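Observations on chain architecture
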Protein chains: 2
Amino acid sequence: MVTLAEVAQHAGVSASTVSYVLSGKRSISASTRQRVEQSIRELGYHPNAGARALAGKRSNIIALMIPLRTDMYVPVMMEIAIAVATTARTHGYDVLLLTGEEGPDAVRRVTGSGLADAMILMDVELEDERLPLLRETDQPCVLIGLPADTTGLTCVDLDWTATGALCVEHLAQLGHRDVAVIGEAPAVYERHTGFAERTLDGLRSGARERGLRLLHRPCEGGYDAMALTLARIFDERPGTTGFVVQNESAVEPLLALLRQQGRAVPEDVSVVAICPDQVAVQASVRLTSVAIPAQEMGRRAVEHLVAKLGGRGSDEVVLLAPGLTVRTSSGPAPAAS
Amino acid sequence: MVTLAEVAQHAGVSASTVSYVLSGKRSISASTRQRVEQSIRELGYHPNAGARALAGKRSNIIALMIPLRTDMYVPVMMEIAIAVATTARTHGYDVLLLTGEEGPDAVRRVTGSGLADAMILMDVELEDERLPLLRETDQPCVLIGLPADTTGLTCVDLDWTATGALCVEHLAQLGHRDVAVIGEAPAVYERHTGFAERTLDGLRSGARERGLRLLHRPCEGGYDAMALTLARIFDERPGTTGFVVQNESAVEPLLALLRQQGRAVPEDVSVVAICPDQVAVQASVRLTSVAIPAQEMGRRAVEHLVAKLGGRGSDEVVLLAPGLTVRTSSGPAPAAS
DNA sequence: AGGGGCTGTCGAAGCGCTTCGACAGTCAAC
DNA sequence: GTTGACTGTCGAAGCGCTTCGACAGCCCCT
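Residues numbered from 1 in each chain as written. Chains lettered and ligands numbered in written order. Predicted model: local features only at pLDDT ≥ 70, side-chain atom pairs only at ≥ 80, totals over all residues. Heavy atoms only, no water.

**A look at the interface of chain A and chain B**
As a reminder of what qualifies: The criterion used for residue contact is that any of the two residues' heavy atoms lie within 4.5 Å. Buried area is understood as the total, over both parts, of accessible area removed when two parts are fitted together, assessed with a 1.4 Å probe. When a carboxyl oxygen of Asp or Glu is within 4 Å of a side-chain nitrogen of Lys or Arg, the pair counts as a salt bridge. In this text, helices come from DSSP runs of H or I with a minimum length of four residues, and strands from runs of E with a minimum of two, each type numbered from the N-terminal end.
Between chain A and chain B, the residue contacts involve 45 residues of the former and 45 residues of the latter. Summing both sides of the interface, chain A and chain B together bury roughly 3,900 Å²; the carbon and sulfur share of this comes to 67%. It is His46(A), Met78(A) and Leu97(A) that lose the most area in chain A upon contact with chain B, and together they represent 15% of the buried surface on that side. Where chain A meets chain B, there are four salt bridges. For Arg109(A), the salt bridge goes to Asp94(B), with nearest N and O atoms at 2.7 Å. Those elements giving two or more residues to the side of chain A that touches chain B turn out to be α4 (49–56), β1 (61–66), α5 (74–90), β2 (94–99), α6 (104–113) and α12 (248–260) of chain A.

**Some remarks on the relation of the copies chain A and chain B**
Threshold: For this overlay, a least-squares fit was computed on C-alpha atoms, restricted to residues scoring pLDDT of at least 70 in both copies.
Mapping chain A onto chain B calls for a rotation angle of 180° and an axial translation of 0.1 Å; the resulting RMSD is 0.1 Å. The transformation relating the two chain copies, once decomposed into turn and shift, fits a two-fold axis. A symmetric contact is evident, with 100% of the interface residues of chain A recurring at the interface of chain B.

**Points about the packing of helix α1 (residues 4–11) of chain A against helix α3 (residues 30–43) of chain A**
Residues and elements named next belong to chain A. Rules: Each axis is a line fitted through C-alpha atoms, taken for helices only over the stretch in contact, and angles between the N-to-C directions span 0 to 180 degrees. Between 65 and 115 degrees an angle is taken as roughly perpendicular, under 35 as roughly parallel, over 145 as roughly antiparallel, and anywhere else as oblique. Helix crossings are classified by the rotation of the near helix relative to the far one: an anticlockwise turn of less than a right angle makes the crossing left-handed, while a clockwise turn makes it right-handed.
It is at 9 Å that the axes of α1 and α3 come closest, and there the two elements cross at 120°. It follows from the interaxial angle that α1 and α3 lie oblique. In terms of crossing hand, the pair formed by α1 and α3 is right-handed. Residues Glu-6, Val-7, His-10 and Ala-11 of α1 lie in contact with α3, whose contacting residues are Arg-35, Val-36, Ser-39, Ile-40, Glu-42 and Leu-43.

**Some points on the domain arrangement of chain A**
In many reports, interface size means the accessible area that the parts give up when they come together. Heads up, the rule is: Residue ranges labeled as domains rest on an automatic or database domain assignment.
We note that the domain assignment places domain 1 (4–47), domain 2 (61–159 + 294–320) and domain 3 (160–291) within chain A. Each of domain 1 of chain A and domain 3 of chain A has a C-alpha centre, and the two are 60 Å apart.

**Some remarks on the packing of aromatic side chains**
When we look at a pair of aromatic rings, we describe it by the centre distance and by the angle of the planes. The condition is simple: Pairing of aromatic rings covers Phe, Tyr and Trp, the last counted by its six-membered ring, and requires centre-to-centre distances within 6.5 Å; plane angles under 30 degrees mean stacked, over 60 mean edge-to-face, and any other angle means tilted. Three exposure classes are used, based on accessible area relative to the maximum for each residue type with a 1.4 Å probe and protein chains only: buried under 20%, partly exposed in between, and exposed over 50%. Either the NZ atom of lysine or the CZ atom of arginine qualifies as a charge over a ring when it sits within 6 Å of the ring centre and within 35 degrees of the ring normal.
According to the stated counting rule, one finds four aromatic pairs over all chains in the structure shown. Plain terms: the ring middles of Trp160(B) and Phe195(B) are 5.0 Å apart, the flat faces sit at 55° to each other, and that makes the pair tilted. Taken as a pair, Trp160(B) in helix α8 (residues 160–173) and Phe195(B) in helix α10 (residues 194–210) lie far apart in primary sequence, 35 residues in all. Accessibility classification places Trp160(B) together with Phe195(B) in one group, the buried group. Measuring from centroid to centroid gives 5.9 Å for Phe234(B) and Phe243(B), while their planes differ by 75°, and the two rings are edge-to-face. Given the relative accessible area of 0%, Phe243(B) is considered buried. The ring of Phe234(A) is capped by Arg263(A), whose NZ or CZ atom sits 3.5 Å from the centre of that ring.

**Some details on the protein's contact with DNA strand D**
Filter applied, for reference: Neighbouring residues are identified by heavy atoms, a residue being near a molecule or strand if any of them is within 4 Å of it. Definition of a polar contact: a pair of N or O atoms within 3.5 Å, with one able to donate and the other able to accept a hydrogen when the atoms are protein atoms, and with sequence-neighbouring residues admitted only if both atoms are side-chain atoms.
The immediate surroundings of DNA strand D are formed by 27 residues, with Leu4(A), Arg26(A), Tyr45(A), Thr17(B) and Thr32(B) found nearest. Take the atoms of DNA strand D that sit within 4 Å of the protein: sugar and phosphate atoms are 56% of them. Here a phosphate oxygen of DNA strand D sits 2.3 Å away from a polar atom, N or O, in the main chain of Leu4(A). Within the backbone of Ser14(B), one N or O atom sits 2.8 Å away from a phosphate oxygen of DNA strand D. Considering every element that reaches the surface near DNA strand D, the biggest residue donor is α4(A), with four residues.

**Details of the protein's contact with DNA strand C**
Basically, it comes down to this: Basically, the charged four are Asp, Glu, Lys and Arg, the nonpolar ten are Ala, Val, Leu, Ile, Met, Phe, Trp, Tyr, Cys and Pro, and anything else, Gly included, counts as polar.
The environment of DNA strand C is formed by 27 residues, the closest being Thr17(A), Thr32(A), Leu4(B), Arg26(B) and Tyr45(B). Sugar and phosphate atoms constitute 56% of the interface atoms of DNA strand C, taking the interface as everything within 4 Å of the protein. One of the side-chain nitrogen or oxygen atoms of Ser16(A) is found 3.2 Å away from a base oxygen of DNA strand C. Contact between DNA strand C and Asn48(B): a phosphate oxygen at 3.2 Å from a main-chain N or O atom of the residue. Sorting the residues of the surface near DNA strand C by element identifies α2 (15–23) and α4 of chain A together with α2 (15–23) and α4 (49–56) of chain B as the ones contributing at least two each. Ranked by residues supplied to the surface near DNA strand C, first place goes to α4(B) with four residues. Across the surface near DNA strand C, the residue classes tally to eleven nonpolar, eleven polar and five charged.

**Some points on the pattern of salt bridges**
All names here are of chain A. As enumerated under the stated definition, the model contains 36 salt bridges over all chains in all. Among the ionic pairs, Arg-108 bridges to Asp-105, the shortest N-O distance being 2.7 Å. Here Arg-108 and its partner Asp-105 are both found in helix α6, three residues apart, which amounts to about one turn of the helix. Given a relative accessible area of 38%, Arg-108 falls into the partly exposed group. Judged by relative accessible area, which is 46%, Asp-105 ranks as partly exposed. The closest approach of N and O atoms between Arg-300 and Glu-296, which form a salt bridge, is 2.9 Å. Note that Arg-300 and Glu-296 are positioned in helix α14 (residues 294–309) at a spacing of four residues, about one turn of the helix. For Arg-300, a relative accessible area of 26% translates into the label partly exposed.

**Notes on the sheet that holds strand β6 (residues 178–182) of chain B**
Residue and element names in this part refer to chain B. Quick reminder of the rule: Each pair of strands is called paired provided DSSP finds at least two bridges between the two strands.
On the basis of which strands lie adjacent, the open sheet formed by six strands has the order β7-β6-β8-β9-β10-β12 and mixed pairing. A single partner strand is all that each edge strand has here, and the edge strands are β7 (213–217) and β12 (324–325). Where β6 lies against strand β8 (residues 242–245), four bridges are found, and the strand directions are parallel. Bridge pairing in β8 places Val-179 opposite Gly-242. The sheet contacts of α8 involve β6, β7, β8, β9 (270–274), β10 (288–290) and β12, and relative to β9 the element is tilted by about 165°. Across the sheet, α10 lies against β6, β7, β8 and β9, angled at about 160° from β7, the strand it touches most.

**Topic: helix α8 (residues 160–173) of chain A**
Residue and element names in this part refer to chain A. The condition is simple: Expected span, for any helix, means 1.5 Å times one less than how many residues it has.
Here α8 contains 14 residues, and its C-alpha end-to-end distance of 20 Å stays within 8% of the 20 Å for a straight helix at 1.5 Å per residue. Here α8 has its buried residues at Trp-160, Thr-163, Gly-164, Cys-167, Val-168, His-170, Leu-171 and Ala-172. The opening residue of α8 is Asp-159, an N-cap whose side-chain oxygen sits 3.3 Å from the backbone nitrogen of Thr-161. Gly-175, located one to two residues past α8, shows a positive phi value of around 95°.

Laid out in structure tokens, this is it:
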């Protein structure tokens, strides 16, 4: 293992000079810099991470806490995680992967040990048990998701309320009067995940404004659960012509069932999905959808964190504006029969 | 921030004693141990990770390199990643998330800087450009996936060849003579990902043994791509009655298309999928499938690594035996018309 | 010519921990 | 009662880096 001291000796300078070349915190003459850089390359030097963390009081690591549960749509989480990792690297940070398993203890461990300089938390619940700890610690921290009380916290999230409203508005403009919402699995609501409840709020207030009738049904993913849910919906509201789907793993089953029942999309029934674009274009019908900007969320979270670590940036709630893309799964409501 | 020295002072012992209490590397009297542990709790002490890494020459971090690409089935990768993270924690390790973006440089950086004690590589290609580096370094390392040459490497993977053979065997036993394989996206084959090619080998040699006719078609995910592929298959081999699907995102489209064409599953056509169990049971037909044991792979990889780090364990290739679960998507071949 | 301000480099201290060797004290064996 | 092995604790060195203050040399201004 090559050390700073060896590089210094090789270049004929002192260790501190090499350090300053590396950090750029003091001016170094061009000739010295070149000599040092040359030595670094020749010796294949990599600064020791532990020593750096110890002396510099920063590890250049960002901790990312992802949920263990798999009742949320996994590809979205993965996309966020990958966006976090790649964005972090462009700022010189590495990413430590924590699962929800340890819960609040993980927060304590990481902040206490100086393992990470900052944290990103995913899958935040409205009353998340980790929040008190985060408020106490002075470690920079960004939530992906929006808890009930955001005082003293920085959050990045899609504006789910607006998303809900947007879906309803689109259907209302097309003349639909009876709209059903295929929601996330019941467990998601039970643990008060912000995004699900907020979407529902947006849907409801949008429906109220527009005078729509809204029926909300949580739904596990999969074909069987969807079949049951759909039967109940048409049973209760036979005139339903619009669907908003928030559970990605219910999308394809819904389309299949509608087809099977002889209900044409979009002629008889319109479907608006809340899902990543990839899902929307790969479905059996190209779906009108509000995109979940997973990458953007990951990227923004890291950039906020880096700003905070650099002394810039403050507590702030960033809500990304939703965008609805019209594809071929939505159209004018059929004339009332 | 609480330091070892503070704990020592609080407990009325020397720093080294506290260290030995923590590591258990020397015997400590019960009374002293209790006093120290008490102080640790009272002060809320967490050992500093950087100092530990520097002095102890090990960071207690395992690096996990996941691919950037999303042309593989993402949930499987996620499941592996989560299994790695949770298993690592039970052995006292944290997990550093590296994306494929940096490529071989990431290997150099991590081994050079002592950031991680060991590595796990996912998405290994047959002739992976990272392998030479891994063979050089003395850092323990486990691949999830199987390169062409495994000398000096430890690998964990599903036995894909056996998986392919198992699928064919099942269909052969049911009397199918013409079998089509819906493979991964062409890009997966082009970059010579081991699992795709090995599965194909298994399918082919199985078919040869059993006297089946096999038609292999790579296929992008999604409905449109599947529609095209399916049309070509029936065009070329109208008598096809068996399908093996390796691309998870083609499963549901395939089922929908078959239904649409009036081909009943399993009466007219049998489908065997290679996918996680969750996908198999959530599909619109409960799929006969060979499971991808993502969790097991992640767990085994970490356990091997931990064994290596502990001086036990050697280079070894672990191939997990595939298991086929018969559900309702496969049945006897229809009598020849 | 002399002082003042820069610029570029160095030496040394110290970050918090592990670990080695030293050394009291205890106990069993002779 | 001495020896020797063993147990439990301590002090000090050192891991590889960052950073602070010091300072030599230089140029420019008066």
